[in-house]
Amino acid sequence: MKKHIFFVTIIVEITQHIQCLSETRGIEVVDLTSPTTWKDMSKYYGAVENHWKVCVNCGAPQLGTAFHMEHFGSQLGSMQPAVVPTEYLLSRLLIVDLTTLTEINPAVVLTLDVALQWSALKHDPVEPTLLFFRFGWKEEDNRKINTKTCSCKVPGLSFELAEWIAANLSRVIGVATDTPTFESEQTREFSSRTVARVLGRSGIYMIENVHYRKKMPEQGCMAITMPLKLLNAGYAPTRLTAFCPTTRTDLSVVLGLMKIVPQEAAPNSRLYDVNLDEILN
Ligand SMILES: *[C@@H]1O[C@H](CO)[C@@H](O)[C@H](O)[C@H]1NC(C)=O
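Just so we're clear, the structure is a prediction, and the values are computed from it rather than from any experiment. (Residues numbered from 1 in each chain as written. Predicted model: local features only at pLDDT ≥ 70, side-chain atom pairs only at ≥ 80, totals over all residues.)

Draft legend 1. Structural view of the overall build of the protein chain. Along the protein chain, the regular secondary structure elements total seven helices and 15 strands. For the protein chain, buried positions account for 38% of its 281 residues. (Helix = DSSP H or I, 4+ residues; strand = E, 2+ residues; numbered from the N terminus. Buried ≥ 20, exposed ≤ 12 C-beta atoms within 10 Å, placed from the backbone.)

Draft legend 2. Structural context of helix 1 (residues 38–49). In this model, helix 1 (12 residues) spans 16 Å end to end at C-alpha, consistent with the 16 Å of a helix rising 1.5 Å per residue. Where helix 1 ends, the next residue or the one after it, His51, has phi of about 60°, a positive value. (Expected span 1.5 Å × (residues − 1).)

Draft legend 3. Molecular detail of the site of the ligand. Near the ligand, the surroundings consist of Glu163, Trp164, Ala167 and Asn168. A class-by-class count of the residues in the shell around the ligand yields two nonpolar, one polar and one charged. (Near = placed C-beta within 6 Å. Nonpolar A, V, L, I, M, F, W, Y, C, P; charged D, E, K, R; others polar.)

Draft legend 4. Focus on the confidence of the model for the protein chain. For the protein chain, per-residue confidence averages 85 on the pLDDT scale, and residues scoring 70 or more make up 84% of the total. Scored below 50 in pLDDT, residues 1–9 makes 14 contacts in the model with residues more than four places away or belonging to other chains. (pLDDT = per-residue confidence, 0-100. Contact = placed C-beta atoms within 7 Å.)

Draft legend 5. Geometry of the nonpolar core. Leu93, Phe132, Val175, Leu199, Cys221 and Ala242 are the most contacted members of the largest nonpolar core, which has 57 residues in total. Per element, the largest residue contribution to this core is six residues, and it comes from strand 14 (residues 235–245). Residues within four places of Leu93 in sequence aside, it is in contact with Leu130, Phe132, Cys221, Met222, Ala223 and Ala242. (Core = buried A, V, L, I, M, F, W, Y, C linked by C-beta atoms within 7 Å.)

Draft legend 6. Broad picture of unusual backbone geometry. Not every positive phi belongs to a glycine, and His51 is a case in point at roughly 60°. Structurally, His51 is set in the loop between helix 1 and strand 4 (66–68). A count of 8 C-beta atoms within 10 Å places His51 in the exposed class. The backbone of Asn209 shows a phi angle near 60°, a positive value even though the residue is not glycine. Here Asn209 shows up in the loop between strand 12 (205–208) and strand 13 (221–227). Under the C-beta neighbour-count criterion, Asn209 is labelled buried, with 29 such atoms within 10 Å.

Draft legend 7. Spotlight on helix 5 (residues 159–168). Of all the residues in helix 5, the buried ones are Phe159, Leu161, Ala162 and Ile165. The buried residues of helix 5 all sit within an arc of 165° when viewed along its axis, so they share a single face. Seen from the buried face of helix 5, the exposed residues on the opposite side, beyond 90 degrees, are Ala167 and Asn168. Contact partners of the buried residues in helix 5: strand 6 (109–110), helix 3 (112–115), strand 10 (156–157), strand 11 (172–177) and helix 6 (195–201). (Arc of directions from axis to C-beta.)

Take a look at the structure:
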């Protein structure tokens, strides 16, 4: 009989000291996922399987929050969501709020010069980090995408910024966006000079169609990413969950595992027994 139970405990880090809270008060769990429907998913995978031409330049808004490393129409290569090690899926979450730029230009290309004004993009973070680019994209903006003609007006990253992230931000393990694609006007029409290629080749994963529901602190949240372990698929729906401090903005949430001795013995009553025969019949 095991003496110990593993518990997931949420710890709040205050400056240098780690204070363990025995409850999760002060930490908010935010689901950043847009749903994927079975119908859209089967349509998409069916098209890929049949080698039909799929427009990949503008992303796939109808597929919901999804995860990929290569240009998402490709099935080739080994950089598939299923091979990403689990420890890369738990990270710090830094939010880069670009809504002031998209208010002026809804299809803005985020250049390296402008991006370096955000400290999250200028300095290599100290821990494994997911960078979330918040362009302020809304569900109704998906109408700006015509997948038949492959034309769209979507804000995105410049090629130089993608190169900078890949080369100089060594602890950035993933990037996320509320838009359907990271490709911008500058990279969308290319096959090799794309954001996906530069980031994917450096082992940085991309999450698109993130649903930003409510105001969250730009620093201090943690993210858990759980892409479907679909084999032989370069693009997989994913769940993205953030754990954010609710009270003070200088608090950071960390997740830790603790070994504890249970205080109370499990109730010794027949009430808690499950009768499998009853359930199955
Ligand atoms: C990485 O940073 C160095 C030093 O700031 C810079 O010279 C170099 O161009 C950067 N690399 C890329 C690919 O942007």
